Structures are given as C-alpha cells and as structure tokens.
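Observations on the three-dimensional arrangement
These are the residues of each chain, in order.
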Amino acid sequence: MSDMNNTLDGIHTSGSLEEKAEIYQSGRGNVSGFPSPTLIPLRAPLPTPNAQKIRTTLCKGNRSNTKGEESISSPVPNPFPELIASALTPLVYECLLPSTKSSATQVIKVYNEDNTSRAVEVPSDITARDICQLFVLKNHCIDDHSWTLFEHISHLGIERTIEDHESVMEVLSGWGMDTDCRLYFRKNYAKYEFFRKPLDFFPDHMVSISSETNGMVDHSQLIQTFLNSSTCPEIHGHLHAKEQSRKSWKKFYFVLRRSGLYFSNKGTSKEPRHLQFIADFSDSDVYTVLSAKKLHGSPTDYGFCVKSTKGSSSRDLKLLCADDEQTRTCWITAMRLLKYGMELYQNFIQPHQKQKASPMRSISENSLVAMDFSGQKSRVIENPSEAMSVAVEEGLSWRRKSCHRLSGHGSPSTSHCSLSNIALHLAQSWFHGKLSREEAQRLITQQGLIDGMFLLRDSQSNPKTFVLSLCHTQKIKHFQIIPVDEDGELFYSLDDGQTRFTDLIQLVEFYQLNRGVLPCKLKHHCARIAL
C-alpha cells in the first residue's frame, strides 16, 4: 500500500480533458477519426473548490490576520480545543461557533437512512467533507473517514456519492424548484476501497491499456494508469441500454475512454466508424439507479445512468444496466476516476496526512495494546496468545458479574443469566432487530459492498433464531444463527453447535478475529444514527 502511495504522489497530470473526438459526420451519429486514447491527456488536478475561499471568506470583526495567520476572537469558548487545532477545517469551525459565521450562509437539510432530518446553517462555500465533519461532531460519531454525503433524486430514483471536495451549494444549484431532491448522510466504506484493492473493482476481462504495454494490464500499476496522463485505460464490455422515448432495452458493446463513453453499432468492433458517442463527464455525473426493474423495466436491478448536471427530467438520463454488481461497480468507479482523477486520490490520502501532521487518538486496532495491572507494576502484554486469553477472561468475568447482579433480585441466576444474554445485543449498533432480508441487502449495499460488511437481525422465518448478513466478493450472503440449549443453558452457534457462544456479542467478537465457517472475517458493521 505504501509503495502505491509513493508512486501515486509522484504523478502529475497535465493537458485538457476537452480534447474530444469529432463525433458526427455529415449529419449522422457515427464517430469518425477521434484521437487515439494515448493522445488524450488527463486534465490537471484542480484544487479543492474552497481551497482559497477558506482563507478569504471571513466574518468582519470576528477574525483578523496577524503575521500572515488567521486568529479568531470570539466571546464563545472553544468546546473542542484539541479537535479545532488539528482536524477541523475553518468552515466546520464557523458552523460550531455561531458568532464567527460568515455573512454568506445558507440553510440546508440533511437526511439519515430512516428519513429523519436536521437543518443546519452553513457557509456558502462549504464542501461535502466539511458537512460530514460537522455531523460527525454534532452526533458524536467516530470519524473513520467513511462518512459520506449522497445526492438523492427521488422523482428519478437515482443517487450518487458527492465527492469530498465538491461544493455542496453547486450540487444544490442544479436541483429544479419542483423536484424532490435530498442530501443523505451515511457511511460508505467502499468510497475509496478501489485504491486499496483495485483488482476487486477492475476485472481483467474489462480493462485494457492502449500504450507501450500493448494492451497488457500491469496489476501493480492499475490505479496509477488511471491517474497518469501518459497512459489511457479503456473499460469495455456489454451493457443493456434503454432506447430514447421507448420502453425497450438493447444490449450493446460499450467502450469508456478519456474522451467519453461510446457504444459499437457493429458487434464488438472498436473502429471509429462503428463507435457512437454517448456522453463525456466534463458536465455530467454518474448515478446509481434504485429499483431499476420496477421504475424503468430494466433486465436486471444493476442499473446506473449518466445525467447532465443541468438536466432534471427522466429524458436527460442515459440509462444503462449491467448483468451483475461487479460489472456495474467497475463502470461507475472508472467513470469517477476519469472525471476527477487525482482529486479522488487527494481525498483518499488527506485524512491520513492530517493524522500524521497532528496525531490524535486513533480508533485503529493497531493503536490498542493489552495491559496487565495485576502486579505491583503495570506491563504491556506482547504475547498475542496471552493477550487473547486475558481478553476472553475479562469478558467472561464481566458477564458473570452482570448475571450476579441480576440474580440478586430473588430469582434463579441461570434464567436471569439467559435473559441477560438475550438482551445484551439489543444495544449494539450492528443489531437491527426485525429487519427484512431485502432491507438488510439494501442497507449493506448503501454502506458499501466490500468484504466483511455485516449486520445481525431477527430471523423472519424462525422467530427464535437470528441471521448474520455478510458481504463477500460484492455478494450478500445470509447465515442463520441457531440457539442451542444444553442443560438449561442457552448458547448460539453458526455451525450446528460445534462452536458455541453464550451471547451474540461473543459470537461477533469471535468472527471479527477468526473466519471460522464464514467466507471472510467480520470487518465493518452497518450502523444507523439518528440526526
């Protein structure tokens, strides 16, 4: 990972994205003579939209420059002294301290998964990352850099990730007056996962590179190829496309290049005379289509579309449909990379650079150490086996104390201990109660189809059991957790009683460390917050 970061940091792009091919010839829709992909450079990375505005949009009387630095004079005490100095941008600071708000502000409403909303007044040059930081602080969430702002257009049934550097007000300015559009705040663990595991997002059969490599893809340099202007990756494959003004869908061979998206009107031919232009991404965005089968009659539910930033009706959508989730993810990710390039990589590394510049308490498991306080002097437990046994003993001791407290009310301890075990998981953020199979799949999909995404829920078919819903290889699988009764004690198991746990918390903790019978370890849980 570090090698890839070092390589990417050295990449500098130049040129213009507007080198488009001549698409129509003699009034017809065929492409003729568009330039070779290797000759179309990636545009130079643009600075964050509010990079300069942050230092210039100041509230009169509240801020003054001294020796070239900004100072804030406010009668309101700073409630987050350690955070403001290290992690927060000035725009988030303005939102937290009302007396320092800039004169140009606007009230926006942000929604959660359960459609609860909260209205906040923010500066007009605020970015999506600033909004996420603001809500992380207001809701006392752990900032693991997965919180994301989504643009949801209800009347079209589409949504997209608003990139961290994007100006929120520019997004809102593209909404029509009578349209039902919303901003959603929720997790998206897959937002930058392609930087960590590019091969999971770009299958070999869909990627080729037209350069001195003669079309061969170097796996270790895949993402660098997307960001480097000297090479041009090409995504190709079959997609279903909806014909304009018709309800029918047809399957075509599509090609994605720096100059735009094309389809072939003659099989899989890539000759210029056979390629027809669909869209470029200089003034368009790619969206995921929700309920594509129901709304648009698509062959599958893996729909996505390209929409102009100024378009607001269904006629402005170029609707496409893939045969599986991996194919759809590949196309959407490639379009994001070709549109934003190095800006996405800068968004990816920015939180890690801030942590290095001003180290704060990390939530990484690598920052936690096991300590032994039983002797006269404390010591760090360096042996992993010893640390694991101590952790298990601590957990069992805590559960025994919990059961003992319950049994002190005049009832048998065994029954109360079982009652305690049943109720322990209810307060956990990974437990979602009476959630249907379809809702579980939708929630996991929303928060990122990466290996290890999971949640626990009540079983709909058997009220006495639970279900673990887990994502692996961009597919969601469901595993039944069966209760096992032995000598009056209740245990839970995923493997027909071979491995038993006293409660669901113990089960989750075990499979976070061990794969066991599962296809992968539990890594990220789906969480819902109330705004």
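These notes cover the structure that comes with them. (Residues numbered from 1 in each chain as written. Predicted model: local features only at pLDDT ≥ 70, side-chain atom pairs only at ≥ 80, totals over all residues. Heavy atoms only, no water.)

Looking now at the overall build of the protein. When helices and strands are tallied, the protein shows 16 helices and 23 strands. A buried classification covers 48% of the 531 residues belonging to the protein. Pairs at least 24 apart in sequence give 59% of the contacts found in the protein among residues at least 6 apart. Of the roughly 26,900 Å² that the protein leaves accessible, carbon and sulfur atoms contribute 51%. (Helix = DSSP H or I, 4+ residues; strand = E, 2+ residues; numbered from the N terminus. Buried < 20%, exposed > 50% of the residue type's maximum accessible area, 1.4 Å probe, protein only. Contact = heavy atoms within 4.5 Å. Areas by Shrake-Rupley, 256 points an atom, 1.4 Å probe, with all protein chains shown as cover.)

On to the environment of Phe501. Tracing the backbone shows Phe501 in strand β22 (residues 500-501). Judged by its relative accessible area of 4%, Phe501 falls in the buried class. Between the C-alpha atoms of Phe501 and Phe491, which are ten residues apart in sequence, the distance is 5.3 Å. In this view, Phe501 contacts Leu490, Phe491, Tyr492, Gln506, Leu507, Phe510 and Tyr511; residues no more than four positions away in its chain are not counted.

Relative to strand β20 (residues 475-486), strand β19 (residues 466-472) runs antiparallel, the two sharing seven bridges. Residue pairing in the sheet places His472 in a bridge with Lys475 of β20. As consecutive antiparallel partners, β19 and β20 are separated by two residues, and within that stretch Thr473 has a phi angle of approximately 50 degrees, a positive value. Looking at chain direction, β20 and strand β21 (residues 489-493) are connected through five bridges and run antiparallel. The residue bridging Asp485 from the neighbouring strand is Leu490, located in β21. (Pairing = 2+ DSSP bridges.)

Here we take up the pattern of salt bridges. Summed over all chains, the structure comprises 20 salt bridges. The shortest N-O distance in the salt bridge between Arg186 and Glu159 comes to 2.4 Å. On the criterion of sequence distance, the pair formed by Arg186 in strand β7 (residues 181-187) and Glu159 in strand β6 (residues 158-162) is long-range, its members being 27 residues apart. For the pair Arg186 and Glu159, one class covers both residues: buried. Asp180 is the partner of Arg182 in a salt bridge, and the nearest nitrogen-oxygen pair spans 3.9 Å. Taken together, the shared-partner salt bridges in this structure form one network comprising Glu151, Arg160, Glu166, Asp285 and Lys339. (Salt bridge = Lys/Arg side-chain N within 4 Å of Asp/Glu carboxyl O.)

It is worth spelling out a nonpolar patch on the surface at this point. A cluster of nonpolar residues, Val369, Met371, Phe373 and Val380, forms a patch on the protein surface that exposes about 390 Å² of accessible area. Locating Val380 in the fold gives a position in strand β17 (residues 379-381). (Patch = residues over 30% accessible without salt bridge, like charges linked within 9 Å, V, L, I, M, F, W, Y side chains within 5 Å.)

Time to look at helix α16 (residues 504-513). Looking at α16, one finds that the buried residues are Leu504, Ile505, Gln506, Leu507, Val508 and Tyr511. With a side-chain oxygen lying 3.1 Å from the backbone nitrogen of Ile505, the N-terminal cap of α16 falls on Asp503. (Polar contact = N/O pair within 3.5 Å; in protein donor to acceptor, adjacent residues only side chain to side chain.)

What follows covers the pairing of strand β13 (residues 284-289). Burial runs high along β13: five of the six residues are buried. Sheet topology places β6 next to β13; two bridges connect them, and they run antiparallel. Paired with Glu159 across the bridge in β13 is Thr288. Pairing of β13 with strand β14 (residues 303-308) involves five bridges; the strand directions are antiparallel. Directly across from Val286, in β14, lies its bridge partner Val306.

Right, let's talk about the packing of aromatic side chains for a bit. Two numbers describe a pair of aromatic rings. These are the distance of the centres and the angle of the planes. One pass over the full model with this rule turns up 19 aromatic pairs. With centroids separated by 5.8 Å and ring planes inclined at 35 degrees, the aromatic side chains of Tyr111 and Tyr184 adopt a geometry described as tilted. Here Tyr111, found in strand β3 (residues 105-111), pairs with Tyr184, found in strand β7; they are 73 residues apart in sequence, far enough to count as distant. Judged by relative accessible area, which is 14%, Tyr111 ranks as buried. Judged by centre distance (5.6 Å) and plane angle (70 degrees), the ring pair of Tyr262 and Phe277 falls under edge-to-face. With Tyr262 in strand β11 (residues 260-264) and Phe277 in strand β12 (residues 275-279), the pair connects residues that are 15 residues apart, well separated along the chain. Using a relative accessible area of 0% as the deciding quantity, one classes Tyr262 as buried. (Phe/Tyr/Trp six-rings, centres within 6.5 Å; stacked < 30°, edge-to-face > 60°.)

Ranked by size, the top nonpolar core spans 38 residues in total, and within it Phe195, Phe202, Ile235, Leu256, Trp331, Met335 and Leu337 carry the most contacts. Elements represented by at least two residues in this core include exactly α7 (193-196), α9 (222-227), β9 (233-242), β10 (249-257), β11, β14, α11 (325-340) and α12 (342-357). Looking at this core, the element that brings in the most residues is α11, giving eight residues. By size, the runner-up hydrophobic cluster in this structure holds 35 residues, among which are Ile126, Leu172, Trp249 and Leu317. (Core = buried A, V, L, I, M, F, W, Y, C linked by side-chain atoms within 4.5 Å.)

Read from one edge of the open sheet, six strands run β22-β21-β20-β19-β18-β23, paired in mixed fashion. If you trace the sheet from one side to the other, it starts and ends with β22 and β23 (524-525), each paired once. The sheet strands contacting helix α15 (residues 437-446) are β18 (453-458), β19 and β20, and the helix crosses β18 at an angle near 155 degrees. (Axes fitted to C-alpha atoms, helices over the stretch in contact; angles between N-to-C directions.)

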